[in-house]
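In case you want the letters, here they are:
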Amino acid sequence: MNEQQRNEQAKIKTDLSTDRKSAQDKPLTEKTTEDFAHYFQTTYEPPNIRQARKRGRDKIEVHYDFHIPEKMERIGEGKKFLIRTYGCQMNEHDTEVMAGIFTEMGYEPTTETAEADIILLNTCAIRENAENKVFGELGHLKPLKLENPDLIVGVCGCMSQQESVVNKILQKHQHVDLIFGTHNIHRIPNLIEEAMYSKAQVVEVWSKEGDIIENLPKARHGKIKAWVNIMYGCDKFCTYCIVPMTRGKERSRLPEDIIQEVRHLAAQGYQEVTLLGQNVNAYGKDFDDKEYRFGDLLDDVSKIDIPRIRFTTSHPRDFDDHLIDVLAKGGNLLDHIHLPVQSGSSHILRKMNRKYTRESYLELVRKIKAAIPNVTLTTDIIVGFPNETEEQFEETMTLMKEVGFESAYTFIYSPREGTPAAAQKDDIPEDVKKARLHRLNALVNEQSKQSMASYEGKIVKVLVEGESKKDDTVLAGYTEKNKVVNFKGPKSIIGSIVEVKITDAKTWSLNGELVEQTVEVNP
Ligand code: 5AD
Ligand code: SF4
């Protein structure tokens, strides 16, 4: 959204505020969707696959002019904020950005709802159970808001991008003061101001967003590992997935902005960077002035003096040979690739609009393994896509074995309103889907256990992140392949990469002993 559209919108919103009052005069039980429609007329378009697919490439603008309005600069002094995050790393990172904005406004973080002056739920829409959790939490927050009317309760993230969800919140959760979408984060200071002084609920959700806001502050979680967005949105339109609607069209950050951010993190002593995007392999496809893709970016980022570089998430369709060649160079580019396959059946993959077949996925895996012999592959799998037959599910099981995935995130298909798959009739009963998930999970556990066992007696490099949650005399960290390792050692090595000899393997973690001689302690 460009500045002109934004101004237009601001104008229309003010004009609509009169309508809002008249709708509010009605008893809530008599309100219909039309009464809430004005919230969306200018700021929101409900998920619409046909329209979303037509979205153009021409309006991506990069802004470097974020600032906190003067009157909001100290508004948070003596006050606290709490952000509860649901869902993926993208959301976790958005929370870091929002925390950065609140910090610049003078707020301090808290983990206690009772102490907070602002509580935000940064939500996830990917499956129904993620949404249910948020509605449950909203119910818990109601007594707190009744006790403290000055408390601002807000809902943001992917759920806010869905019209039906926003309607439900407006109708059933009137204690929510503020709803804003994934494209409106930089507007937090203005939205908080509105929520403080307006009697009505404040809703600002944009669905057709083409901008990138570069200079947002970030309050990162920890000083060891950092997330770096390389692109936003998704244009893949897998038929089950709500993300292209909630996160908007694909738009890549400029290489120089990403490189500068990673350099800055390296200079601050961060040991690991994860490059983030819904489909990182599509990076750069939206540049019309240069041929610069994800492989080029990784190549450039790998030259920065930072020990570990990861990326997530990859789409098999865009995983090109150049990218494989760059990854094969190794160094700080770790040999762990998360490559969501979703299903082992070509028929289901076609119905999912994944744009590859079982055979072409296996061919890609073969190429990757040939170029990076020690590679670890992990994946995402959906079971119970509408009308998935037993044979098609079996194809997923055989693919899981054939590739030798070391772990997998597994899900039962969850229909999402507004996606093509949700409109399909589905003849597979829920208990059959659950039984399939159970069988798949047993296989995932077995393969994870096997891969863990192969580490017994070996020495691995561990980035030490802190004390183990269960026992503070034990340290915990991650190997290059992202396996958790628990071992005893001095707290002074937290934040360093050390060598650990694996003594004992469990299904999901490893136990080991510090190899004393090779410890490198960072200043
Ligand atoms: N139902 C179940 N799982 C889903 N995912 C995305 N959409 C759905 C859905 N509607 C899974 C995919 C994706 C992961 C992040 O979530 O496996 O890779
Ligand atoms: Fe959703 Fe990922 Fe498919 Fe995009 S590529 S539509 S985010 S599953």
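Calculation rules
- Residues numbered from 1 in each chain as written.
- Chains lettered and ligands numbered in written order.
- Predicted model: local features only at pLDDT ≥ 70, side-chain atom pairs only at ≥ 80, totals over all residues.
- Heavy atoms only, no water.
- Helix = DSSP H or I, 4+ residues; strand = E, 2+ residues; numbered from the N terminus.
- Buried < 20%, exposed > 50% of the residue type's maximum accessible area, 1.4 Å probe, protein only.
- Contact = heavy atoms within 4.5 Å.
- Areas by Shrake-Rupley, 256 points an atom, 1.4 Å probe, with all protein chains shown as cover.
- Core = buried A, V, L, I, M, F, W, Y, C linked by side-chain atoms within 4.5 Å.
- pLDDT = per-residue confidence, 0-100.
- Pairing = 2+ DSSP bridges.
- Axes fitted to C-alpha atoms, helices over the stretch in contact; angles between N-to-C directions.
- 1 Å grid on protein atoms, 1.4 Å probe; cavity = no way out; pocket = protein on both sides within 12 Å on 5 of 7 lines; lining within 4 Å.
- Points joined across faces, edges and corners; volume = space filled by probe spheres on them.
- Nonpolar A, V, L, I, M, F, W, Y, C, P; charged D, E, K, R; others polar.
- Near = heavy atom within 4 Å.
- Polar contact = N/O pair within 3.5 Å; in protein donor to acceptor, adjacent residues only side chain to side chain.
- Parallel < 35°, antiparallel > 145°, perpendicular 65-115°, else oblique.
- Left-handed = near helix turned anticlockwise from the far one by under 90°.
- Salt bridge = Lys/Arg side-chain N within 4 Å of Asp/Glu carboxyl O.
- Phe/Tyr/Trp six-rings, centres within 6.5 Å; stacked < 30°, edge-to-face > 60°.
- Lys NZ or Arg CZ within 6 Å of the ring centre and 35° of its normal.

Draft legend 1. Highlighting the overall build of the protein. Looking only at helices and strands, the protein has 15 helices and 21 strands in total. Expressed as a percentage of the 523 residues in the protein, the buried residues total 55%. A separation threshold of at least 6 residues defines the contact pool for the protein, and within that pool the share at least 24 residues apart is 76%. Element-wise, carbon and sulfur atoms account for 49% of the exposed surface of the protein, whose accessible area totals about 23800 Å².

Draft legend 2. Spotlight on the nonpolar core. Core analysis: the biggest nonpolar cluster contains 70 residues, and L275, F294, L298 and I337 have the highest contact counts within it. If sequence neighbours within four positions are ignored, L298 has contacts with L275, I309, F311, L323, V326, L327 and L333. F135, V203, V205 and M245 belong to the second largest nonpolar core, which has 29 residues in total.

Draft legend 3. Examining the confidence of the model for the protein more closely. Averaged over all residues, the pLDDT of the protein is 89; the fraction at 70 or higher stands at 87%. pLDDT under 50 marks residues 1-29. Its contacts with residues more than four places away, or in other chains, come to 41 contacts. Here residues 36-45 is modelled with pLDDT under 50, and outside its nearest four sequence neighbours on either side it reaches 33 contacts, counting other chains as well.

Draft legend 4. A look at helix α10 (residues 294-302). Counting buried residues in α10 gives seven out of nine residues, a clear majority hidden from the surface. For α10, the complete set of buried residues consists of F294, G295, L297, L298, D299, V301 and S302. Elements in contact with the buried residues of α10: α9 (255-267), β12 (272-276), β13 (308-312) and α11 (321-328).

Draft legend 5. The arrangement of the sheet that holds strand β15 (residues 376-383) in detail. Taken in spatial order, the three strands of this open sheet run β14-β15-β16, and their pairing is parallel. The two strands at the open ends of the sheet, each matched to only one other strand, are β14 (336-338) and β16 (407-412). Strand after strand, the sheet turns through a mean of 10° between neighbouring axes, direction not considered. Relative to β15, β14 is paired through three bridges, and the arrangement is parallel.

Draft legend 6. Examining empty space enclosed by the protein more closely. Under the definition given, this model contains three cavities of 30 Å³ or more. Lining of the largest cavity is provided by 22 residues; of these, D94, T182, I213, L216 and Y232 occupy positions nearest its centre. Those elements giving two or more residues to the lining of the largest cavity turn out to be α4 (89-104) and β8 (211-213). Tallied by class, the residues present in the lining of the largest cavity amount to six nonpolar, seven polar and nine charged.

Draft legend 7. How the structure looks around the pairing of strand β20 (residues 497-505). Sheet topology places strand β17 (residues 459-467) next to β20; five bridges connect them, and they run antiparallel. In the sheet register, I459 faces β20, and the bridge partner there is K501. One ladder, built from five bridges, connects β20 with strand β21 (residues 509-514); its direction is antiparallel. Residue pairing for β21: D504 is matched across the bridge by N511.

Draft legend 8. Fine view of the site of ligand 1. Around ligand 1, the surrounding shell consists of I126, R127, Y240, Q342, D380, I382, F411, I412, Y413, S414 and R416. One nitrogen or oxygen atom from the main chain of Y240 is found 3.0 Å from a nitrogen atom belonging to ligand 1. S414 places a polar main-chain atom, nitrogen or oxygen, 2.8 Å from a nitrogen atom of ligand 1. Elements represented by at least two residues in the shell around ligand 1 include exactly β15 and β16. Taken together, the residues that form the shell around ligand 1 break down as six nonpolar, two polar and three charged.

Draft legend 9. Fine view of the packing of α10 against α11. Contact pair α10 / α11: the axes reach a minimum separation of 8 Å and the direction vectors enclose 15°. With respect to α11, the axis of α10 lies roughly parallel. Relative to α11, the crossing made by α10 is left-handed. Contact residues: F294, G295, D296, L298 and D299 in α10; H322, L323, V326 and L327 in α11. A class-by-class count of the residues in the contact of α10 with α11 yields five nonpolar, two polar and two charged.

Draft legend 10. Structural view of the pattern of salt bridges. The full count for this structure, using the stated rule, is 33 salt bridges. Across the pair R416 and E131 runs a salt bridge, and its minimum N-O distance is 2.9 Å. Taken as a pair, R416 in the loop between β16 and α15 (430-453) and E131 in helix α5 (residues 128-147) lie far apart in primary sequence, 285 residues in all. Using a relative accessible area of 5% as the deciding quantity, one classes R416 as buried. As a salt-bridge pair, R436 and E390 come within 3.2 Å of each other at their nearest N and O atoms. Taken together, the residues span a long stretch of sequence, with R436 in helix α15 and E390 in helix α14 (residues 390-403) at a distance of 46 residues. Owing to a relative accessible area of 32%, E390 belongs among the partly exposed residues under this scheme. Taken together, the shared-partner salt bridges in this structure form one network comprising E214, K218, R220, R253 and E261.

Draft legend 11. Representation of the packing of aromatic side chains within the structure. Scanning the entire structure with this criterion turns up eight aromatic pairs. Relative to F102, the ring of F81 lies with its centre 5.1 Å away and its plane at 20°, an arrangement referred to as stacked. Residue F81 is located in strand β2 (residues 80-85), and its partner F102 is located in helix α4; the two are separated by 21 residues in the primary sequence. What makes F102 buried here is its relative accessible area of 0%. Both rings, one in Y283 and one in F287, keep their centres 5.6 Å apart while their planes meet at 90°; by these two values the pair is edge-to-face. Owing to a relative accessible area of 12%, F287 belongs among the buried residues under this scheme. Here the aromatic residues F81, F102 and Y107 are joined through ring pairs into a cluster of three or more. K225 extends its terminal NZ or CZ atom over the ring of Y478, reaching a point 4.3 Å from the ring centre.

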